[in-house]
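One letter stands for each residue in the lines below.
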Amino acid sequence: MFKHVDYLQFQAKPEKPDALLAAKMQELVGGQFGEMTVMMQYLWQGWSCRVPGKYKDMIMDIATEEIGHVEMLTTMLARLLEGAPAEATEKAAAANPLLAAVLGGQSPQHAIVSGGGALPRDSQGVPWNAGYIAASGNLLTDFRSNVAAEAQSRLMTSRVYNMTDDRGVKDMLQFNLARDTYHQQQWLLGIENLIADGLVEDEIEGSNREDEKEFARRTFYSFDPASTAGEGRWAQGQSLLGEQIEYVPDAQPLTDDQPLGPAPDPKLYVTYDGSMGKGKPGTGAGAHAQGVANVVNKIKGALD
């Protein structure tokens, strides 16, 4: 259950309408790293969290706050768009609201689609996409994704902040910048807490670590003979897992396996020189047989 309080978390009062700024601020609403993304990302992470108590509660608290941030931005955009199409004074524009919107710097979609309100889209009119969010069910990887999301969101907010002299807009964005600063810390501190509570071994995602190629997890490969990457901390000293980092300059292949697929099915008419022999024609029956074989192999693997 969600409750709604009929007040904004922080005020969204521009000094005057500004359609061009509203078009820019759409990125903060529905862009890849906008507030809609962090809102939906945290909600999905919270709903999927299998750890009742402080972790789930923390995720849901910040998710709910982000709903309020979207509300703040949509309110600000509506106020920035107030009377925007009428601001162009050209005679032609006066007879054509769409032309007036364009001349005034307004997104045409604000005039045509939303009737002077915000849209769940970015600054170019691209609809918000659920593919922007990360919600894996693993708190360590999700918290890392959240740090990156907050950092990107804050950076965009900071850039928009420098694009306006409107004191009312700046006032709200100062609050948003501060919240993004804290939220980055919150997720990093959450990772510290995961380690302290024994839910993860360390800050590096480590599922199936015992099966890793040990040499590969402590090696920096450089693929440019003139690279200076070996001067960096990531290529020398101890790794974060306490292992000695090995630097390999001008790295060479570790195998003689070449990137060629099998001989193609002749009925697919793939360009092919015959060097790998004759391809096997594919059929529906063949695909079914392969599927059965896969199931059998899984059963055998489970029994072994």
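The rules behind each value
- Residues numbered from 1 in each chain as written.
- Predicted model: local features only at pLDDT ≥ 70, side-chain atom pairs only at ≥ 80, totals over all residues.
- Heavy atoms only, no water.
- Helix = DSSP H or I, 4+ residues; strand = E, 2+ residues; numbered from the N terminus.
- Rg over C-alpha atoms; globule rule 2.2 N^0.38 Å.
- Buried < 20%, exposed > 50% of the residue type's maximum accessible area, 1.4 Å probe, protein only.
- Contact = heavy atoms within 4.5 Å.
- Areas by Shrake-Rupley, 256 points an atom, 1.4 Å probe, with all protein chains shown as cover.
- Lys, Arg positive; Asp, Glu negative; His and termini not counted.
- Charge placed at Lys NZ, Arg CZ, Asp CG, Glu CD.
- pLDDT = per-residue confidence, 0-100.
- Axes fitted to C-alpha atoms, helices over the stretch in contact; angles between N-to-C directions.
- Parallel < 35°, antiparallel > 145°, perpendicular 65-115°, else oblique.
- Left-handed = near helix turned anticlockwise from the far one by under 90°.
- Nonpolar A, V, L, I, M, F, W, Y, C, P; charged D, E, K, R; others polar.
- Core = buried A, V, L, I, M, F, W, Y, C linked by side-chain atoms within 4.5 Å.
- Phe/Tyr/Trp six-rings, centres within 6.5 Å; stacked < 30°, edge-to-face > 60°.
- Expected span 1.5 Å × (residues − 1).
- Salt bridge = Lys/Arg side-chain N within 4 Å of Asp/Glu carboxyl O.

A.B. asks: Could you clarify how one ought to interpret the overall build of the protein in this entry?
C.D. replies: Tallying secondary structure elements over the protein gives nine helices and two strands in all. By the compact-globule yardstick of 19 Å for 304 residues, the protein is too spread out, its C-alpha radius of gyration being 27 Å. With the C-alpha coordinates aligned to their principal axes, the bounding extent of the protein is approximately 75 × 55 × 50 Å. Out of the 304 residues belonging to the protein, those deemed buried represent 33%. Long-range pairs, those at least 24 residues apart, make up 70% of the contacts in the protein between residues at least 6 apart in sequence. Total accessible area computed for the protein in this model is approximately 18,700 Å², and 56% of it derives from carbon and sulfur atoms. Each charge class in the protein can be summarised by its mean position, and for the 26 positive and 40 negative side chains these summaries are 4 Å apart.

A.B. asks: What should I look at first to understand the confidence of the model for the protein in this one?
C.D. replies: Where the model shows low pLDDT, its predicted coordinates should not be examined in detail. For the protein, per-residue confidence averages 91 on the pLDDT scale, and 90% of positions sit at 70 or higher. Ignoring residues within four places in sequence, the model shows residues 86-90, a span with pLDDT below 50, making five contacts including any to other chains.

A.B. asks: Just checking my understanding: could you explain the packing of helix H2 (residues 35-48) against helix H3 (residues 54-80) for this structure?
C.D. replies: Two quantities define a packed helix pair, namely the angle between the axes and the distance from one axis to the other. Orientation of H2 relative to H3, taken along the N-to-C sense of each, is 155°, at an axis distance of 8 Å. Relative to H3, the element H2 lies roughly antiparallel. Both H2 and H3 take part in a crossing whose hand is left-handed. Note on element contacts: H3 touches H2 through Lys56, Ile59, Met60, Ile62, Ala63, Glu66, Ile67, His69, Val70 and Leu73, opposite Glu35, Met36, Val38, Met39, Tyr42, Leu43, Gln45, Gly46 and Trp47. When the residues that make up the contact of H2 with H3 are grouped by side-chain class, the tally is 13 nonpolar, three polar and three charged.

A.B. asks: Where do I start with the side chain of serine 153 in this structure?
C.D. replies: As for its placement among the helices and strands, serine 153 is situated in helix H7 (residues 139-161). Once you skip the residues sitting within four places of it in the chain, serine 153 turns out to touch Phe33, Glu35 and Asp180.

A.B. asks: When you look at the nonpolar core in this model, what are you seeing that I'm missing?
C.D. replies: Nonpolar side chains tend to gather and get buried jointly when the protein is soluble and globular. Counting 44 residues, the largest nonpolar core has Met25, Phe143, Met172, Leu173 and Trp187 as the members making the most contacts within it. Elements with a minimum of two residues in this core: helix H1 (19-30), H2, H3, H7 and helix H8 (167-196). Looking at this core, the element that brings in the most residues is H3, giving 12 residues. Ignoring anything within four residues of it in the chain, the contact list for methionine 172 reads Phe10, Gln11, Ala12, Met25, Met72, Leu73 and Met76.

A.B. asks: How do you make sense of the packing of aromatic side chains when you look at a structure like this?
C.D. replies: Given two aromatic rings, one states the distance between the centres and the angle between the planes to describe the pair. According to the stated counting rule, one finds seven aromatic pairs in the structure shown. An angle of 50° between the planes, with centres 5.0 Å apart, marks the rings of tyrosine 42 and tryptophan 187 as tilted. Of the two residues, tyrosine 42 is situated in helix H2 and tryptophan 187 in helix H8; the sequence distance between them amounts to 145 residues. The class for tyrosine 42 is buried, based on a relative accessible area of 0%.

A.B. asks: Hey, could you run me through H2 in this one?
C.D. replies: For H2, built from 14 residues, the straight-helix expectation of 20 Å at 1.5 Å per residue is met to within 8% by its first-to-last C-alpha distance of 20 Å. The buried count for H2 comes to 11 of 14 residues, which makes it a mostly enclosed element. Every buried residue of H2 is listed here: Glu35, Met36, Thr37, Val38, Met39, Met40, Gln41, Tyr42, Leu43, Gln45 and Gly46. Looking at the buried positions of H2, the neighbouring elements they touch are H1, H3, H7 and H8.

A.B. asks: When you look at the packing of H7 against H8 in this model, what are you seeing that I'm missing?
C.D. replies: It is the contact of H7 with H8, at a shortest axis distance of 9 Å, that shows an interaxial angle of 160°. Viewed along their axes, H7 and H8 adopt a mutual orientation that is roughly antiparallel. Crossing geometry of H7 relative to H8 is assigned as left-handed. Looking at the contact of H7 with H8, its residues break down into 13 nonpolar, 10 polar and five charged.

A.B. asks: What is the right way to read the pattern of salt bridges from this model?
C.D. replies: Within the structure shown, the criterion is met by nine salt bridges. Arginine 179 is paired through a salt bridge with glutamate 65; the nearest N and O atoms lie 2.7 Å apart. You can see arginine 179 sitting in helix H8 and its partner glutamate 65 sitting in helix H3, a full 114 residues away along the chain. What makes arginine 179 partly exposed here is its relative accessible area of 21%. Residue glutamate 203 is joined to arginine 144 by a salt bridge in which the shortest nitrogen-to-oxygen separation is 3.7 Å.

A.B. asks: What should I look at first to understand unusual backbone geometry in this one?
C.D. replies: Its identity is not glycine, yet asparagine 208 carries a phi of approximately 60°, on the positive side. For asparagine 208, the position within the fold is in the loop between H8 and strand E1 (219-221). Despite not being glycine, tyrosine 269 has its phi angle at roughly 55°, a positive value. With respect to the secondary-structure elements, tyrosine 269 resides in the loop between strand E2 (246-248) and helix H9 (284-303). Judged by its relative accessible area of 73%, tyrosine 269 is exposed.

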